[in-house]
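# Descriptive structure summary
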Amino acid sequence: MMATDMVSIPITLEQLIMGVQQLQPDERAQVARALIQVDLRSDLTAVIQELYAQPPVDDITDDNIMAEIKAVRQQSHPI
């Protein structure tokens with residue numbers, strides 16, 4: 001197995017964009033998915049941090065949860 005070394009080449013944002021534009025459509029889609037995953041991870045991290053920053057809610061019962069589920073289901077599928 002051959003060892004590989006990392007090579008760092010500084011490029012501008014404009015050069016990066018031009019390089020991505022030269023890729024095949026499926027390769028551009030891979031780049032787009034990678035960028036979306038980075039954004040989703042940062043968004044998810046922000047949501048998790050916000051949730052942990054809130055005080056815990058201990059007064060929710062199973063009946064409260066079931067009532068909320070029924071209310072949401074009726075909003076989605078009115079009879």
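Criteria and cut-off values
- Residues numbered from 1 in each chain as written.
- Predicted model: local features only at pLDDT ≥ 70, side-chain atom pairs only at ≥ 80, totals over all residues.
- Heavy atoms only, no water.
- Helix = DSSP H or I, 4+ residues; strand = E, 2+ residues; numbered from the N terminus.
- Rg over C-alpha atoms; globule rule 2.2 N^0.38 Å.
- Lys, Arg positive; Asp, Glu negative; His and termini not counted.
- Charge placed at Lys NZ, Arg CZ, Asp CG, Glu CD.
- pLDDT = per-residue confidence, 0-100.
- Patch = residues over 30% accessible without salt bridge, like charges linked within 9 Å, V, L, I, M, F, W, Y side chains within 5 Å.
- Areas by Shrake-Rupley, 256 points an atom, 1.4 Å probe, with all protein chains shown as cover.
- Salt bridge = Lys/Arg side-chain N within 4 Å of Asp/Glu carboxyl O.
- Buried < 20%, exposed > 50% of the residue type's maximum accessible area, 1.4 Å probe, protein only.

Looking now at the overall build of the chain. Within the chain one finds 3 helices and 0 strands. Secondary structure elements of the chain occur, N-terminal to C-terminal, as α-α-α. Its C-alpha atoms give the chain a radius of gyration of 23 Å, more than 25% over the compact-globule value 12 Å for 79 residues. Seen along its three principal axes, the alpha-carbon backbone of the chain occupies a region of about 60 × 35 × 35 Å. Of the side chains in the chain, 5 bear a positive and 12 a negative charge, and the two mean positions are spaced by 10 Å.

So, on to the confidence of the model for the chain. Scored by pLDDT, the chain has a mean of 85; 92% of the residues are at 70 or more. When the elements of the chain are averaged for pLDDT, helix α2 (residues 25–53) gives the smallest value, 85, and helix α1 (residues 13–21) the largest, 91.

Nonpolar side chains collect at one region of the surface, where V7, I9, I11, L13, L16 and I17 lie side by side and expose about 630 Å² of accessible area between them. Structurally, L16 can be placed in helix α1. Note on L16: relative accessible area 45%, which makes it partly exposed.

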